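So the chains spell out like this:
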Amino acid sequence: MIGFYDYTVILTYLSMLSATTGMILCLNDIGHPYLGMFFLMFCGLCDTFDGKVARTKKNRTDQMKKFGIQIDSLSDLAAFGLLPACIGISMLRSSIVVLNFPDIKFFHLADKSAIIKIVLTVIAVLYALAAMIRLAYFNVLEEDRQANNPQTPKVFVGLPVTSAALVFPTILLIHIFSNADLTLLYFLFLAIVGFLFVSEIQVKKPTKRGVLIMIAIGALEAAALAFIFIVMRK
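Residues numbered from 1 in each chain as written. Predicted model: local features only at pLDDT ≥ 70, side-chain atom pairs only at ≥ 80, totals over all residues. Heavy atoms only, no water.

Our focus in this paragraph is a nonpolar patch on the surface. Together, Ile 118, Val 122, Leu 126, Leu 129, Met 132, Ile 133, Phe 195 and Val 198 make up a nonpolar patch on the protein surface, roughly 730 Å² of accessible area in all. Of all the secondary-structure elements, those providing two or more residues to the nonpolar patch are helix H4 (114-148) and helix H6 (183-198). Of the residues forming the nonpolar patch, the biggest block, six residues, is contributed by H4. Relative to the helices and strands, Phe 195 is located in helix H6. Looking at Phe 195, the relative accessible area reads 56%, which means it is exposed. (Patch = residues over 30% accessible without salt bridge, like charges linked within 9 Å, V, L, I, M, F, W, Y side chains within 5 Å. Areas by Shrake-Rupley, 256 points an atom, 1.4 Å probe, with all protein chains shown as cover. Salt bridge = Lys/Arg side-chain N within 4 Å of Asp/Glu carboxyl O. Helix = DSSP H or I, 4+ residues; strand = E, 2+ residues; numbered from the N terminus. Buried < 20%, exposed > 50% of the residue type's maximum accessible area, 1.4 Å probe, protein only.)

This brings us to the environment of Ala 130. Tracing the sequence through the fold places Ala 130 in helix H4. Each C-alpha atom, one on Ala 130 and one on Val 161, is 9.3 Å from the other, the two residues being 31 residues apart in sequence. Once residues lying within four places of it in the same chain are set aside, the contact partners of Ala 130 are Gly 194, Phe 197 and Val 198. (Contact = heavy atoms within 4.5 Å.)

For the rest of this paragraph, the subject is the packing of aromatic side chains. All told, the structure shown has seven aromatic pairs when counted by the stated rule. With a centroid separation of 5.0 Å and an interplanar angle of 45 degrees, the aromatic rings of Phe 168 and Tyr 186 are classed as tilted. Of this pair, Phe 168 sits in helix H5 (residues 164-178) while Tyr 186 sits in helix H6; the two residues are 18 residues apart in sequence, bridging distant segments of the chain. Take Phe 168: its relative accessible area is 0%, and that puts it in the buried class. For Tyr 186, a relative accessible area of 0% puts it in the buried group. (Phe/Tyr/Trp six-rings, centres within 6.5 Å; stacked < 30°, edge-to-face > 60°.)

Below is the structure:
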């Protein structure tokens, strides 16, 4: 078989499987918008450690390294570009009553004008496009850096797409606890975060302590969502 299948790529493959599963569950008739959020956070967890795991293998060939870079970007596009957009679209079309979920209000497109439907759908589509542009541009910069400057840069140009794994679960937690329809707020953040992906802002790379803090925040969000879906049933 073509490709590589050692332990250095397992987390990236798991992230891709998680993202695809989340998108399918969000958009089919038996799914729910918030099911995708668990898979989004799992993708974020995989992305946090995939590079560190890959670097533990000292005898990686150039082909293995380049392959890892390519699949990482493709997986990130699915996980942090397409999946958040699918969650938003699922919130718009959700009319599902599921006993294992709390009674959450959603903004139903069926009751809205064609202009609103078009605008919100365009926001989701442009968000995914911005994520793709950000990832491709990062790859170009990384290739130039490795060729000309072996030192690791201390800042990111543009907001990293992996930030989606913390931003959007936070909005959904507010959505649940406020018992208000924050679907439009979710799309507002899709627009803001998508713009920041392709902006020239410089974001300082997190230290080890910063990474641990983000992991802790993600774990708390996952625990809160799990508690809500187990305890706060209809």
